[in-house]
Amino acid sequence: GGRRARFARVASERGLTVHRGLVLPFGVGKGQDAIRSLVRSLLGIPSGMSKDERLLAAEAALRKHRLRSDQVVFLNDLLDLPQPTEQKALYDAMENASRNKGKQGVVSSLVSAVSSTNALLAIVEDVHWADDLTLAHLAELTKTVADCPALLVMTSRIDGDQLDQGWRSTTDGRPCFSVDLGPLRKQESI
């Protein structure tokens, strides 16, 4: 939409790097979910990169962003990379809650590291389609951006909006502001 594009352009003009994720309807775009897209954007990985190129980007991220060695399995998952044999057994043995917590930690670490060199704006669109896992990631991101030079903007339709009081209670009281926008005027929708 025009307002989101304008908002991102103004942020970019003011020196923020802009990173995007889009929540897709259930079953659409496997591997292209909002969190994975955001991670690829943070690491400068364009879509369509080969497995070998993503592997090199992951290795560079570990060095550049000083991720811990125990975070490798989670980064591999987020970048749709195969797990090395010894790590695969470890990852397969983990409970889902541990895997998800580990991935949330990697995303938070990346946002903190990237924003330490340049303030950033993360935009996640169409949150009304988000599943519980994505909503948990977004709650963790809300906590992260409160403590570093970053801003998280999420868009949602009023119908199906999931950023309610229940979700806000998972952000540990971090500041969240809602802006309700009316319908676009004809000239804004072009």
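Look above for the structure.
Thresholds, definitions, all that
Residues numbered from 1 in each chain as written. Predicted model: local features only at pLDDT ≥ 70, side-chain atom pairs only at ≥ 80, totals over all residues. Heavy atoms only, no water. Axes fitted to C-alpha atoms, helices over the stretch in contact; angles between N-to-C directions. Helix = DSSP H or I, 4+ residues; strand = E, 2+ residues; numbered from the N terminus. Left-handed = near helix turned anticlockwise from the far one by under 90°. Contact = heavy atoms within 4.5 Å. Nonpolar A, V, L, I, M, F, W, Y, C, P; charged D, E, K, R; others polar. Pairing = 2+ DSSP bridges. Salt bridge = Lys/Arg side-chain N within 4 Å of Asp/Glu carboxyl O. Phe/Tyr/Trp six-rings, centres within 6.5 Å; stacked < 30°, edge-to-face > 60°. Buried < 20%, exposed > 50% of the residue type's maximum accessible area, 1.4 Å probe, protein only. Lys NZ or Arg CZ within 6 Å of the ring centre and 35° of its normal. Expected span 1.5 Å × (residues − 1). Core = buried A, V, L, I, M, F, W, Y, C linked by side-chain atoms within 4.5 Å. Right-handed = clockwise from strand over helix to strand, strands pointing away.

So, on to the packing of helix 2 (residues 34-42) against helix 6 (residues 96-117). As a packed pair, helix 2 and helix 6 sit with axes 10 Å apart at the nearest point and diverge in direction by 35°. Here helix 2 runs over helix 6; the crossing is left-handed. Along its contact with helix 2, which presents I35, V39 and L42, the element helix 6 presents V107, L110, V111 and V114. Here the residues of the contact of helix 2 with helix 6 are counted per class, giving 7 nonpolar, no polar and no charged.

Now for the sheet that holds strand 1 (residues 17-22). Working definition: the strands of a sheet are paired by backbone hydrogen bonds and lie parallel or antiparallel to each other. Here 3 strands make up an open sheet; going across it, the order is 1-2-3 and the pairing parallel. Strands with a single pairing partner mark the edges of an open sheet, and in this sheet they are strand 1 and strand 3 (150-154). This sheet shows a mean twist of 15° between the axes of neighbouring strands, independent of strand direction. Here 6 bridges tie strand 1 to strand 2 (residues 120-125), and the two strands are oriented parallel to one another. Of the residues in strand 2, the one forming a bridge with T17 is L120. Its contacts with the sheet place helix 2 against strand 1 and strand 2, and it is angled at close to 155° to strand 1. Helix-sheet contacts for helix 6 involve strand 1, strand 2 and strand 3, and the interaxial angle to strand 2 is about 140°.

This part covers the pattern of salt bridges. Two side chains with opposite charge may pair up if their charged atoms get near one another. Scanning all chains against the criterion turns up 9 salt bridges. Between E140 and K143 there is a salt bridge, with the nearest N and O atoms lying 3.4 Å from each other. Note that E140 and K143 are positioned in helix 7 (residues 132-145) at a spacing of 3 residues, about one turn of the helix. Members of the salt-bridge network, linked through shared partners, are D33, R36, D77, D80 and K103.

Another aspect to go through is the packing of aromatic side chains. Considering all chains together, one arrives at 1 aromatic pair under this definition. Pairing F74 with Y91 gives two aromatic rings, centres 6.0 Å apart and planes at 65°, and the pair type is edge-to-face. Taken together, the residues span a long stretch of sequence, with F74 in helix 4 (residues 72-78) and Y91 in helix 5 (residues 85-93) at a distance of 17 residues. Looking at F74, the relative accessible area reads 8%, which means it is buried. Between the NZ or CZ atom of R99 and the centre of the ring of Y91, over which it lies, the distance is 4.9 Å.

Residues three or four positions apart in an α-helix share a direction because the helix packs 3.6 residues into each turn. The end-to-end C-alpha distance of helix 7, which contains 14 residues, comes to 20 Å, matching closely the 20 Å that a straight helix rising 1.5 Å per residue would cover. Most of helix 7 sits out of view: 10 of its 14 residues are buried. Along helix 7, the residues that are buried comprise T134, L135, H137, L138, A139, L141, T142, K143, T144 and V145. Looking at the buried side of helix 7, the elements it contacts are helix 2, helix 6, strand 2, strand 3 and helix 8 (165-168).

Attention now goes to the nonpolar core. Of all hydrophobic cores here, the largest spans 39 residues; its most connected members are V39, L43, L75, L79, L110 and V111. Of all the elements in the fold, those that place two or more residues in this core are helix 2, helix 3 (51-64), helix 4, helix 6, strand 2, helix 7 and strand 3. Residues in contact with V111, not counting those within four places in the same chain, are L42, L120, L141, T144, V145, C148 and A150.

This next bit is on the side chain of N76. Mapped onto the elements, N76 comes out in helix 4. Leave out the neighbours within four places in its chain, and N76 touches L81, P82, Q83, P84 and Q87.

Let us now look at unusual backbone geometry. Look at D80: it is not a glycine, yet its phi comes out positive at around 55°. Mapping D80 onto the fold places it in the loop between helix 4 and helix 5.

Moving on: the pairing of strand 3. Judged from the 5 bridges that link them, strand 2 and strand 3 form a sheet pairing that is parallel. Pairing of A122 across the sheet is with L152, part of strand 3. For the segment spanning strand 2, helix 7 and strand 3, crossover handedness is right-handed.

These values are about where atoms sit, not about what they do.
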